[in-house]
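Listed below, chain by chain, are the residues.
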Amino acid sequence: MADTELKIIVDEMCEAIDKIGGLTGLTEDLGTIARVEMGLFMMYLSASDGMVSWEEAKLISDTCGLNLTVESLAEFIDENNLYSEAFERQVPVSLKILVAADNVLHEEGGEVSGSLELIESYRALGIGLINADEKVDPNEERDMDIYLKMMTDYRNANYRGK
């Protein structure tokens with residue numbers, strides 16, 4: 001998937017989350033929070049193979065509106081302990097908000113699921129990042145699966161619909 005397609009996925013997801021924030025009366029910029037969380041996920045995956053590539057830094061920069069070099073990205077990952085089991089267990093705030101919104105919609109008879117859309121957005125970002133440097137490492141795939149499972153498990157445990 002091209003950088004521009006991934007950027008569109010991020011932009012549209014963040015816009016939708018901002019709208020949900022407005023409808024629920026939350027004052028925080030939820031779209032920005034979601035964009036940061038998606039960027040952190042991509043950074044986590046970029047460290048999975050033990051080496052941050054130029055292509056990965058560029059993809060994260062282009063997709064999330066950042067200005068990263070390989071060095072600054074690697075430094076940020078290390079300083080913030082992004083490649084860790086603690087990060088793998090940390091449920092994104094945007095997912096928590098979307099599951100809560102999904103529950104409200106479900107109670108009102110709605111069938112749309114923003115939380116599933118978010119998880120699929122993460123999947124697309126992960127696949128894009130893993131393939132960015134054309135060197136797919138099994139650790140990257142494993143780590144993506146671990147993170148997506150955590151998100152799916154959270155949704156399944158907290159969503160009151162089907």
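Use the structure listed above.
Residues numbered from 1 in each chain as written. Predicted model: local features only at pLDDT ≥ 70, side-chain atom pairs only at ≥ 80, totals over all residues. Heavy atoms only, no water.

Visitor: Please explain the nonpolar core as it appears in this structure.
Guide: Buried together is how nonpolar side chains tend to be arranged in soluble globular proteins. Met-38, Phe-41, Met-42, Leu-118, Tyr-122, Tyr-147 and Met-151 are the most contacted members of the largest nonpolar core, which has 43 residues in total. Elements with a minimum of two residues in this core: helix 1 (3-24), helix 2 (30-46), helix 3 (54-64), helix 4 (70-79), helix 6 (93-107), helix 7 (114-130) and helix 8 (138-158). Setting aside chain neighbours within four positions, we find Met-38 in contact with Val-10, Met-13, Cys-14, Cys-64, Leu-118, Tyr-122 and Leu-125. (Core = buried A, V, L, I, M, F, W, Y, C linked by side-chain atoms within 4.5 Å. Buried < 20%, exposed > 50% of the residue type's maximum accessible area, 1.4 Å probe, protein only. Helix = DSSP H or I, 4+ residues; strand = E, 2+ residues; numbered from the N terminus. Contact = heavy atoms within 4.5 Å.)

Visitor: Sorry if this is basic, but what is going on with the packing of aromatic side chains here?
Guide: The description of an aromatic ring pair rests on the distance of the ring centres and on the angle between the ring planes. Tallying each qualifying case throughout the model produces seven aromatic pairs. Aromatic side chains Tyr-44 and Tyr-147 sit 5.8 Å apart centroid to centroid with 45° between the ring planes, which places their arrangement in the tilted category. One end of the pair, Tyr-44, is in helix 2; the other, Tyr-147, is in helix 8, with 103 residues separating them in the sequence. Owing to a relative accessible area of 0%, Tyr-44 belongs among the buried residues under this scheme. Between Phe-87 and Tyr-147, the aromatic rings sit 5.3 Å apart at their centres with planes inclined by 20°, giving stacked as the arrangement. (Phe/Tyr/Trp six-rings, centres within 6.5 Å; stacked < 30°, edge-to-face > 60°.)

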